[in-house]
Amino acid sequence: MIEKEGFDFVFDPNACETCEGNCCTGESGYIWVQSNEINEISNFLKIDTESFMKNCLKKVKYRYSIKEIFVNGSYQCLFFDKDKGCEIYPVRPKQCRTYPFWDHFKENTKEVKKECPGIFLKKS
């Protein structure tokens with residue numbers, strides 16, 4: 001179990017094995033990537049950075065987000081495959097690596113618990 005100060009839940013990463021990518025699918029949103037992550041992901045995919053940015057990212061003001069695709073009535077990360085999981089897992093963005101410990105969920109535990117089967121409330 002992973003625990004982080006300031007959160008009233010713990011996270012069991014083993015739940016990811018049986019989850020169907022709830023954190024990678026659903027409503028449309030942003031999957032932010034920083035410049036160093038853009039380089040890491042393009043290197044991992046063995047494509048040049050320019051092609052990666054053109055084909056896999058969308059620019060939102062001064063930032064970049066991984067594109068989403070619409071599949072079976074919901075959005076999903078371009079790199080999520082229902083059968084294989086995350087295709088860039090070793091170099092996934094910080095936003096993905098830090099899930100579910102986002103500041104937003106400090107006040108919205110019910111929301112993340114509904115989404116993630118690996119969330120368990122701390123016993124008081």
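Definitions and limits used
Residues numbered from 1 in each chain as written. Predicted model: local features only at pLDDT ≥ 70, side-chain atom pairs only at ≥ 80, totals over all residues. Heavy atoms only, no water. Helix = DSSP H or I, 4+ residues; strand = E, 2+ residues; numbered from the N terminus. Salt bridge = Lys/Arg side-chain N within 4 Å of Asp/Glu carboxyl O. Buried < 20%, exposed > 50% of the residue type's maximum accessible area, 1.4 Å probe, protein only. Arc of directions from axis to C-beta. Contact = heavy atoms within 4.5 Å.

### Focus: the environment of Glu 5
Phase 1: Here Glu 5 shows up in the loop between β1 (2-3) and β2 (9-11).
Phase 2: With 48 residues separating them along the chain, Glu 5 and Met 53 place their C-alpha atoms 35 Å apart.

### Some remarks on the pattern of salt bridges
Phase 1: One pass over the structure, following the stated rule, counts four salt bridges.
Phase 2: Lys 122 is paired through a salt bridge with Glu 3; the nearest N and O atoms lie 3.3 Å apart. In this pair, Lys 122 is assigned in the segment after β11 (119-121) and Glu 3 in strand β1, connecting sequence segments 119 residues apart.
Phase 3: Residue classification places Lys 122 among the partly exposed positions, given a relative accessible area of 30%.
Phase 4: Glu 37 is the partner of Arg 97 in a salt bridge, and the nearest nitrogen-oxygen pair spans 3.2 Å. One end of the pair, Arg 97, is in helix α3 (residues 94-97); the other, Glu 37, is in helix α1 (residues 35-45), and 60 residues separate them in sequence.

### Digging into α1
Phase 1: Of all the residues in α1, the buried ones are Glu 37, Ile 38, Ile 41 and Ser 42. Around the axis of α1, the buried residues are gathered within 130° of arc, so they sit on the same side.
Phase 2: Considering only its buried residues, α1 is in contact with β4 (32-33), α2 (49-56), β5 (57-60), β6 (63-66) and α3.
Phase 3: Within two residues after α1, Lys 46 carries a phi angle of roughly 60°, on the positive side.

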